[in-house]
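Each chain, letter by letter, is given below.
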Amino acid sequence: DDGGIEYFNTIVVQPHLKLVTNQGRGFHIRCRYNTRNNTVTNDSLKVDLMDADPLIASAPMPGCSMRIYSDPTRNEVAENVKIGDPLTLDITLDPQDVYGLWVTDCLVRDGLGWGEQKLINQEGCPLDPEIMGLFEYNENKTKATVKFQAHKFPYTPSVYYQCNVKLCLKADGGCDIASPICSPGSGNNRLRRQARDPSEGTPATIEVYSGLYVNEANDLAKTDEDSVYSEKTSDENICISQRTFAIGICVAGLILMVCVVFATMCLMARRRPKTTSHLGSSIYSGPYTNTAFSHSS
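Here is what the cut-offs are and how they apply
Residues numbered from 1 in each chain as written. Predicted model: local features only at pLDDT ≥ 70, side-chain atom pairs only at ≥ 80, totals over all residues. Heavy atoms only, no water. Disulfide = S-S within 2.5 Å. Buried < 20%, exposed > 50% of the residue type's maximum accessible area, 1.4 Å probe, protein only. Helix = DSSP H or I, 4+ residues; strand = E, 2+ residues; numbered from the N terminus. UniProt positions renumbered as here; feature names shortened; annotations may be inferred. Contact = heavy atoms within 4.5 Å. Polar contact = N/O pair within 3.5 Å; in protein donor to acceptor, adjacent residues only side chain to side chain.

1. A word on the state of the cysteines
In step 1: Applying the stated criterion across every chain, the model contains 3 disulfides.
In step 2: The residue that forms a disulfide with Cys168 is Cys175, at a sulfur-sulfur distance of 2.0 Å. For the disulfide bridge between Cys168 and Cys175, the dihedral angle about the S-S bond is near 120°, and by the sign convention the bridge is right-handed.
In step 3: A relative accessible area of 7% means that Cys168 is categorised as buried.
In step 4: Here the disulfide map of the chain reads 1-3, 2-6, 4-5, the bonded cysteines being numbered as they appear in the sequence.
In step 5: Not part of a disulfide, Cys64 finds its nearest cysteine sulfur in Cys163, a span of 9.5 Å.
In step 6: Exposure remark for Cys64: the relative accessible area of 18% places this residue in the buried category.

2. Some points on the environment of Leu107
In step 1: Among the secondary structure elements, Leu107 is positioned in strand E7 (residues 99-109).
In step 2: Since its relative accessible area comes to 13%, Leu107 is described here as buried.
In step 3: Sequence separation between Leu107 and Tyr161 is 54 residues; the distance between their C-alpha atoms is 5.8 Å.

3. Digging into the UniProt feature "transmembrane region" (unreviewed entry) in the chain
In step 1: In this numbering, the UniProt entry assigns the feature "transmembrane region" (unreviewed entry) to residues 245-269.
In step 2: For the annotated span residues 245-269, helix accounts for 100% and strand for 0% of the residues, and the straight-line distance between the end C-alpha atoms is 37 Å.

4. Considerations on the environment of Tyr209
In step 1: Checked against the element boundaries, Tyr209 lands in strand E12 (residues 205-215).
In step 2: Along the chain, Tyr209 and Tyr161 lie 48 residues apart, while their C-alpha atoms are 5.6 Å from each other.
In step 3: With residues near it in sequence (within four places) discarded, Tyr209 still touches Met66, Tyr161 and Gln162.
In step 4: A polar side-chain atom of Tyr209 sits 2.4 Å from a polar atom in the side chain of Glu207.

See below:
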């Protein structure tokens, strides 16, 4: 609301390139600067009179933002998606009637500083239409949109997109830039635009960023523990939930343990010898006792 622009990022610094150690440090960086007092001078508006003062067109620098939507109709910003999900990259200028935009030099980075891939060249042409196509602009040149499918680097789920947004003045047709003539696989790309005064300065350029996490398809496969499997290979299969299956295994194991203990007790009871006492008898008594060796006192 105050005309400023603010952006922030969290940076984690690790001393080792491949290992995460306890010596790492995290920094939360927030930058804010005011653009309300910035002015832009258009020399083409000077009056060709000897004693006349030049006319200066002044306007605050508009803010510019990049957002990646999973569902642009509902303004759902993509945060965690899987490979192949349809996404929409949206670059928008703040509502105003002075400036338009033109998107060039887009690339995607891994966020680790190990790899990057250029997507849009300096003329606004896609380098690989299968990854990202050509931007489409609205009528007043304040919004650029491109649809693409989610992709990632093989070793990290984080992807960060960066684009250069060149500002143009709508006065005198300064933003009447048609779609570029792009030749896939060749460097002969050029813009179809109106003739411009070669004395004009370089247009202002704003860098915009946005990022998200892209996971493998199996990383986002979440199943509720109470959910019932619906796939059946034959009519003889019975579908039960994971919790019910676990409870059944526990009950069956408990019953099995009780049966084993009972069977062990029965076997021990059968093998126990019977002890009977015979009063007045000895190991030499019986029907074959030799009386010659017996004596009485």
